[in-house]
Amino acid sequence: MRGITKTFPGVIALDDVSLSVRRGEIHALVGENGAGKSTLMKVLSGVYPHGQYEGQILFEGKDAQFSDIRASEALGIVIIHQELALVPQLSITENIFLGNEQGRRGMVDWSAAHSRARDLLKMVGLDDLTDTPVRRLGVGKQQLVEIAKALSKKVTLLILDEPTAALNETDSQKLLSLLRGFKAQGISSVLISHKIKEVESIADTITVIRDGRVVESLDASAGVTEDRIIRGMVGRDLTHRFPDRDAKVGEVVFEVRNWNVAHPIYDDRMVIKDVSLNVRAGEVVGIAGLMGAGRTEFAMSVFGRSWGRYVSGKALKNGKEIDVSSIPNAIHNGIAYATEDRKTYGLVLINDVKTNITLANLEGISSRSVLSVPREIKVANEYRDRLKIKCSSVKQSAVNLSGGNQQKVVLSKWLFAHPDVLILDEPTRGIDVGAKFEIYTIINRLAAEGKAVIFISSELPEILGISDRIYVMAGGQIAAEMTAAEASQESIMKAIMRLGRAASEGIVA
Amino acid sequence: MTQQGAPHVEIGLGSADPSRPAPTADSGERLLTVLRNNVRQYGMLVALVVIIAFFQFTTGGTMLRPQNVTNVFLQNGYIIAMALGMLLIIVSGHIDLSVGSVAAFTGAIAAVVMVDYKLDPILAVLAALLVGGLIGAWQGFWVAYMRIPSFIVTLSGMLLFRGLTLFMLNGQPVGPFPGSFRSIASGFIPEPIGSIQDPLGPDQLKLTTLILAGLLCAGLIFLDLQARREQLKYGFKVTPFGQFVARNVVLIVAIMYLAYRLSAFFGLPVVLALVLVLIAVYMFLTGRTVIGRRIYAVGGNAKAATLSGVKTKQMVFLAFINMGVLSAVGGLISTARFNSATPKAGDGFELDVIAATFVGGASAYGGIGTVAGAVIGALVLGVLNIGMGLMGIGIDYQFAIKALVLLGAVFVDVRGKNKDS
């Protein structure tokens, strides 16, 4: 790709970007959110057709002008988007050949389709039956089905937009080794990822994009450090990826004792088993664990029993038992839960920033059930300044904000509810390095104000970087509790493994 | 000036550069953008004015005769009242197909207790409203707590309450009613002050109506000024004073013209007074109360609303109770208007009411819609009905034209939203 420039009304998304991918290369594209990575790949795959951008695409030496995705697919360029494009109700086979049905004259040859699908599944290392509906598969397997779908189209250049964002460690590794296999077969891959470690381990070339320009292309075979990549991404040295913590920890504010929760559908399946934990004023307590360890389920269950079927357990605040049997009660008792999935569960996207910020505490801007819009705007502007939310005004729709700013709106909402205990579930998922640092700073400041913070994250460096104390969860149980000083990535992983071996019935998904 | 393609922002700069268009064109362009932004905001209002002007022209001035202006409200009062309820239902992410049958059933109840049991009209009205609320609770229970799609529940309600209407009336019309009940739909407010000769025309103008309209204008200006003062107090940007004055002048002219036409006939219809009160109440409810805000949040994203402590089921339940009561209001008005309760009453109301709400800009996906929009939507359809009737257009064409207006309005709305995002 040579000299690609793409503008949207008011912004230059890509400014004279050139990128070259060699045959059989794994080329990683890194950069902060909004840097232009996805836009570049959309130009390459024909989502933005020829004529909507300036510059030239050369594919195998020839000038390529794609009018749509089909045109780029015909040459073997296949893109797998971050949001999976599978139809949950349809079977694996139906999904793989969707739009490319096997058969003739409008008739589908099912035996041929299933047999080809089986071959493709084998290539990506899946042994599920081809007539399994895709919704029955986990996210990791769904991702592999997407890749099998790509392979069904004779791919020469595979573009993956954050393929491992939703995957756990094992599935990520599986996927990455698959890419290595493709490399051996001469298939090139472009990998967009936020996980620097992963990029470092697999890529041959790393191109860093910032503000719509290529900052540098690094030859990864020579060895590139994580700090080196991050410096390129943010344009400065991040000597501290985490703000300094100077914790003044007080008394125990919030405590959960012997919490048990059953699966919402299968009554006999216990998802949370006898979990007890506590958090002190001014303390940041991390809950580490792999995906499916039950952390979100536990947190949501404590927050007004919003997940699963409550079986038993007590919640105490300042030593006294409190009622958390419904969400309004939990909020009333000073508990707040900021969800891991801000778009589905955190925000009313069609509403503006101010409406979202005040939603959990409308009493705070009203008297006798009558709202005061000026008070609302004032409150929203306060949080906008305090959390540095970038928006044209508090009347801007939440849907147009970047991930980091959306997350800050969710945090503002809960801060305005004035909780004593703040449960943050993956608050930095899918947001860029700069915004992550800001979120950490906010968390520190909240703790400094005496709030008790429970911080759930799948990224171990992050948990280690900002917690004072860490609980490790696995299989719905507390596997270990350790102070920040004792904890390390190794000790956390060991605790998870130890419990995994001890539990003879295996880990509950 | 090197930025040829940059948008022209300042007029002064334009005249300094010969390559730029003359200042007049520039300010014309500015006027256009202002208009374009306002068309998006007031699109249906502009459409309403255009439609009225069109009929005024094609009917040779008959459209805005006092009697026809009065008829717009007499004929559409119940649609507006029910559209207010439907707005909340649609905003909360649901639909109610049963409103026509519920209106018929509640009207039938009022008719039977008045005619067969000689009950006082006031008690009859209260009974009908109560039954409306209970019906709303019944349907709301199934939708909100039993999680049955509102389309199914209210489709069932549509059949159920039509059947109960037939049962109540034994298949026969019931009427006539006492004058006090009939006046809900066809009466006018008393005019104790008398009237004056219209200086511009042959009619006598009812003074009370004109004075009430004047008071309404004064009240609206007062509220607008107060809102402005409050905004200034908190240090917010306010609309430029010129625009503020222009907006109020347009509003006052519209209200006073309407009052002028009404006063030349019998004055202010009771049903219009009733509807105006309802509009004011629902504007306040949707814009300024906690419960209104919560209903919008439920329709916008029910999951996020639940996790923010909103009792989503309760909100939907309340929206349906409200709809039931307003269906009863609609049923009472239409029953009083026809001076009899009939088995076929309310037939097709649901379509007019739902169409009015969507023409007024409510989103079929929930979370978006305004009271003003729903009212304007109802008026657009009402004016179309009367105007086409005056032009002598056949009922067959009337249906087709209304259908295309509905589709066109929603199309323009959807396209506008896609461009925004």
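Residues numbered from 1 in each chain as written. Chains lettered and ligands numbered in written order. Predicted model: local features only at pLDDT ≥ 70, side-chain atom pairs only at ≥ 80, totals over all residues.

**Student:** Looking at this structure, how should I read the overall build of chain A?
**Tutor:** The helix and strand tally for chain A stands at 17 helices and 24 strands. Across the 509 residues that make up chain A, the buried fraction comes to 46%. (Helix = DSSP H or I, 4+ residues; strand = E, 2+ residues; numbered from the N terminus. Buried ≥ 20, exposed ≤ 12 C-beta atoms within 10 Å, placed from the backbone.)

**Student:** What am I meant to see in the overall build of chain B here?
**Tutor:** In terms of helices and strands, chain B carries 16 helices and two strands. When each of the 421 residues of chain B is scored for burial, the buried share is 40%. Pairs at least 24 apart in sequence give 76% of the contacts found in chain B among residues at least 6 apart. (Contact = placed C-beta atoms within 7 Å.)

**Student:** Looking at this structure, how should I read unusual backbone geometry?
**Tutor:** Apart from glycine, the bulk of residues carry a negative phi angle, and the bulk of peptide bonds sit in the trans form. The residue after G175(B), namely P176(B), is reached through a cis peptide bond having omega -10 degrees. Relative to the elements of secondary structure, P176(B) occurs in the loop between helix 6 (150-169) and helix 7 (179-186). Backbone geometry places H418(A), a non-glycine residue, at a positive phi of 50 degrees. Look at E426(A): it is not a glycine, yet its phi comes out positive at around 45 degrees. With respect to the helices and strands, E426(A) occurs in the loop between strand 21 (421-425) and helix 15 (433-448). For E426(A), a count of 20 C-beta atoms within 10 Å corresponds to the buried category.

**Student:** Which parts of the structure should I look at to understand the interface of chain B and chain A?
**Tutor:** Where interface size is given, it is often the accessible area lost as the parts come together that is meant. In this assembly, 23 residues from chain B lie in contact with 26 residues from chain A. Looking at the side of chain B that touches chain A residue by residue, the class counts come to nine nonpolar, nine polar and five charged. (Nonpolar A, V, L, I, M, F, W, Y, C, P; charged D, E, K, R; others polar.)

**Student:** I tried to follow the nonpolar core on my own but got confused; where do I start?
**Tutor:** Nonpolar side chains in soluble globular proteins tend to end up buried together. Grouped together as the largest cluster of nonpolar side chains are 194 residues, with contacts concentrated most on F303(A), I443(A), V453(A), M82(B), A83(B), M86(B) and L87(B). Among the elements that line this core, the one with the most residues is helix 3 (residues 66-91) of chain B, at 16 residues. With sequence-adjacent residues up to four places away left out, L87(B) is seen in contact with T357(B), A362(B), G369(B), V371(B) and A374(B). Judged by nonpolar contacts, the second largest core, of 58 residues, contains V30(A), L157(A), I209(A) and M233(A). (Core = buried A, V, L, I, M, F, W, Y, C linked by C-beta atoms within 7 Å.)

**Student:** Even after reading the chapter, I still don't get the sheet that holds strand 21 of chain A, so can you show me in this structure?
**Tutor:** Working definition: the strands of a sheet are paired by backbone hydrogen bonds and lie parallel or antiparallel to each other. Residue and element names in this part refer to chain A. In spatial order, the strands read 18-21-22-15-23-24; together these six strands make up an open sheet with mixed pairing. The sheet is open, and its two borders are formed by strand 18 (335-338) and strand 24 (477-483), each paired with just one other strand. Each neighbouring strand pair of the sheet contributes to a mean axis angle of 20 degrees, computed without reference to strand direction. Note: strand 15 (residues 284-288) against strand 22 (residues 452-456), four bridges, orientation parallel. Residue G286 lies in a different strand from strand 22, and its bridge partner there is F455. (Pairing = 2+ DSSP bridges. Axes fitted to C-alpha atoms, helices over the stretch in contact; angles between N-to-C directions.)

**Student:** Teacher, can you tell me more about the environment of I492(A) here?
**Tutor:** Residue and element names in this part refer to chain A. As for its placement among the helices and strands, I492 is situated in helix 17 (residues 489-502). We classify I492 as buried; it has 22 C-beta atoms within 10 Å. Separated by 28 residues in the primary sequence, I492 and L464 place their C-alpha atoms 9.8 Å from one another. Apart from residues lying up to four places away in sequence, I492 is in contact with A288, L460, V472 and A487.

**Student:** Any chance you could explain the confidence of the model for chain B here in plain terms?
**Tutor:** As a general rule, the predicted coordinates of low-pLDDT regions are not to be interpreted in detail. Residues and elements named next belong to chain B. For chain B, per-residue confidence averages 87 on the pLDDT scale, and 89% of positions sit at 70 or higher. Per-element mean pLDDT across chain B ranges from 31 in helix 1 (residues 11-16) up to 97 in helix 5 (residues 121-145). When the criterion is pLDDT under 50, residues 1-25 qualifies, and its contacts beyond four places in sequence or with other chains add up to 13 contacts. Reported confidence for the predicted complex is 0.82 by ipTM and 0.80 by pTM. (pLDDT = per-residue confidence, 0-100.)

**Student:** Would you mind going over the environment of C217(B) with me for this structure?
**Tutor:** Residues and elements named next belong to chain B. By the element assignment, C217 lies in helix 8 (residues 207-233). Accessibility expressed as a C-beta count within 10 Å gives 18 for C217, which makes it partly exposed. For the pair C217 and I255, spaced 38 residues apart in sequence, the C-alpha separation works out to 7.4 Å. Beyond its immediate chain neighbours, meaning those up to four positions away, C217 contacts I252, I255 and M256.

**Student:** Help me understand the sheet that holds strand 13 (residues 252-262) of chain A in this model?
**Tutor:** Residues and elements named next belong to chain A. Strand order in the open sheet formed by four strands is 14-13-16-17, and the pairing between neighbours is antiparallel. With partners counted over all chains shown, the strands left at the sheet margins are strand 14 (270-280) and strand 17 (320-321), one partner each. With two bridges joining them, strand 16 (residues 309-317) and strand 17 adopt antiparallel strand pairing. Its bridge partner being in strand 17, L316 is matched across the sheet by E321.

**Student:** Can you walk me through the packing of helix 4 (residues 99-115) of chain B against helix 14 (residues 349-359) of chain B in this structure?
**Tutor:** Describing two packed helices takes the angle between their axes plus the distance from one axis to the other. Residue and element names in this part refer to chain B. In the contact formed by helix 4 and helix 14, the axes pass within 6 Å of each other and the chain directions differ by 125 degrees. Taken together, the axes of helix 4 and helix 14 lie oblique to each other. Between helix 4 and helix 14, the contacting residues are V99, G100 and A103 on the first element and F349, E350 and V353 on the second. The residue inventory of the contact of helix 4 with helix 14, partitioned by class, reads four nonpolar, one polar and one charged. (Parallel < 35°, antiparallel > 145°, perpendicular 65-115°, else oblique.)

**Student:** Looking at this structure, how should I read the confidence of the model for chain A?
**Tutor:** Here chain A averages 85 in pLDDT, while 94% of its residues score no lower than 70. Below pLDDT 50 for its whole length, residues 503-509 of chain A participates in nine contacts with residues either more than four positions away or in separate chains.

**Student:** Please explain the pairing of strand 10 (residues 188-192) of chain A as it appears in this structure.
**Tutor:** On a regular strand, one side chain projects to one face of the sheet and the next to the other, so that they alternate. All names here are of chain A. Where burial is concerned, most of strand 10 is hidden: five out of the five residues are buried. With four bridges joining them, strand 3 (residues 26-30) and strand 10 adopt parallel strand pairing. Of the residues in strand 10, the one forming a bridge with L29 is I192. Pairing of strand 9 (residues 157-161) with strand 10, which is carried by five bridges, proceeds in the parallel orientation. In the strand pairing of strand 10, L158 is matched with S189.

**Student:** How should the packing of helix 3 of chain B against helix 14 of chain B be read in this particular structure?
**Tutor:** Residue and element names in this part refer to chain B. Between helix 3 and helix 14, whose axes approach to 8 Å, the crossing angle comes to 65 degrees. Of the two possible hands of crossing, helix 3 and helix 14 adopt the one that is right-handed. From helix 3, I79, M82, A83, M86, L87 and I90 reach across to helix 14, where they touch F349, D352, V353, I354, A356 and T357. (Left-handed = near helix turned anticlockwise from the far one by under 90°.)

**Student:** Honestly, the pairing of strand 13 of chain A in this entry has me stumped. Any pointers?
**Tutor:** All names here are of chain A. Note that strand 13 and strand 14 share seven bridges and pair antiparallel. In the strand pairing of strand 14, V252 is matched with R280. Two strands pair when backbone bridges link them, and strand 13 and strand 16 are joined in this way by seven bridges, in the antiparallel orientation. Paired with A262 across the two strands is R309, which belongs to strand 16.

**Student:** Please explain helix 13 (residues 312-338) of chain B as it appears in this structure.
**Tutor:** Since there are 3.6 residues in each turn of an α-helix, residues three or four apart along the chain are aligned in direction. Residue and element names in this part refer to chain B. With 27 residues, helix 13 extends 39 Å between its outermost C-alpha atoms, agreeing within 8% with the 39 Å of an ideal straight helix rising 1.5 Å per residue. Across the 27 residues of helix 13, 23 count as buried, placing the element largely inside the fold. The positive-phi residue at the C-terminal boundary of helix 13 is N339, with phi of around 60 degrees. (Expected span 1.5 Å × (residues − 1).)

**Student:** How do you make sense of the environment of H332(A) when you look at a structure like this?
**Tutor:** Structurally, H332(A) can be placed in helix 10 (residues 327-332). In this structure the C-alpha to C-alpha distance between H332(A) and Y53(A), which are 279 residues apart in sequence, comes to 53 Å.

**Student:** How should helix 11 (residues 290-300) of chain B be read in this particular structure?
**Tutor:** Of all 11 residues in helix 11 of chain B, nine are buried; the element is thus mostly enclosed. Buried within helix 11 of chain B we find G292(B), R293(B), R294(B), I295(B), Y296(B), A297(B), V298(B), G299(B) and G300(B).

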